[in-house]
Amino acid sequence: AQSVTQPDARVTVSEGASLQLRCKYSYSGTPYLFWYVQYPRQGLQLLLKYYSGDPVVQGVNGFEAEFSKSNSSFHLRKASVHWSDSAVYFCVRGTGANTGKLTFGHGTILRVHP
Amino acid sequence: ETAVFQTPNYHVTQVGNEVSFNCKQTLGHDTMYWYKQDSKKLLKIMFSYNNKQLIVNETVPRRFSPQSSDKAHLNLRIKSVEPEDSAVYLCASSPWGGWDTQYFGPGTRLLVL
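Attention here is on the structure that accompanies the text. Computed from a predicted structure; not experimentally measured. (Residues numbered from 1 in each chain as written. Chains lettered and ligands numbered in written order. Predicted model: local features only at pLDDT ≥ 70, side-chain atom pairs only at ≥ 80, totals over all residues. Heavy atoms only, no water.)

**Structural notes on the interface of chain B and chain A**
Right, so step 1: Contacts between the two partners involve 23 residues from chain B, matched on the other side by 24 residues from chain A.
Right, so step 2: Both faces considered, chain B and chain A share a buried interface measuring about 1,900 Å² in area, 61% of it formed by carbon and sulfur atoms.
Right, so step 3: Three residues, L43(B), W99(B) and F104(B), lead the burial of chain B against chain A; their summed loss comes to 37% of the area buried on that side.
Right, so step 4: Remark: the boundary between chain B and chain A carries one salt bridge.
Right, so step 5: With a shortest N-O distance of 3.2 Å, K101(A) and E58(B) are connected by a salt bridge. (Contact = heavy atoms within 4.5 Å. Buried area = accessible area lost by both parts, 1.4 Å probe. Salt bridge = Lys/Arg side-chain N within 4 Å of Asp/Glu carboxyl O.)

**Things to note about the state of the cysteines**
Right, so step 1: Considering all chains together, one arrives at two disulfides over all chains under this definition.
Right, so step 2: Between the sulfur of C23(A) and that of C91(A) lies a disulfide, 1.9 Å long from S to S. One disulfide, between C23(A) and C91(A), carries an S-S torsion of -70° and so falls in the left-handed class. Taken as a pair, C23(A) in the loop between β3 (19-21) and β4 (24-25) and C91(A) in strand β10 (residues 87-94) lie far apart in primary sequence, 68 residues in all.
Right, so step 3: Judged by its relative accessible area of 0%, C23(A) is buried.
Right, so step 4: When its relative accessible area of 0% is taken as the criterion, C91(A) is described as buried.
Right, so step 5: Through a disulfide, C23(B) is tied to C91(B); the S-S separation comes to 1.8 Å. (Disulfide = S-S within 2.5 Å. Helix = DSSP H or I, 4+ residues; strand = E, 2+ residues; numbered from the N terminus. Buried < 20%, exposed > 50% of the residue type's maximum accessible area, 1.4 Å probe, protein only.)

Any link to function would need more than the numbers given here.
Structure below.
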């Protein structure tokens, strides 16, 4: 069963616009959630992570995400995107206690028009 | 420079050949991972090692075998490649095997003809 769903395969926005990338997860408890980004021809980098506490978590480069247990969601947001934000964004859930095993969503390709 | 290094960047081979990919991390981490990223960008974990011990071994074909000489190195060998093995193989490391940040290498792209 798919445990992480990113419903938007591609998102295109203009530079300076706000951004929301959607993520839904399936898990009965409180999951460990991450957003990773993959820039062209580079490895993945962590943007932010959520374990517990404040449902709004701040990440690098102005990104933030909000955890919602009632909606089973962990959407990523940015107030004003830059063309350099063009990349593939992955919503990720930790599965398998203490093994570091990650389950990835299919990713959302973000294209920012300059 | 501290990071996760992978060689080669790109490899083209014929069906039935053996290939080996190298991964080295200079971050001092205890845990290393191999992921497969398919043509649609989906990533799936294959293996993880903590201090040279196998921790995660997903359902992958037997022709795939990880090899760890020390905690800084985790290589991946594919004994007899098949067309469906064409993918990008990503190596990662983390300080320990829990939910710490994982640091990824740039990947090795394999094309099987």
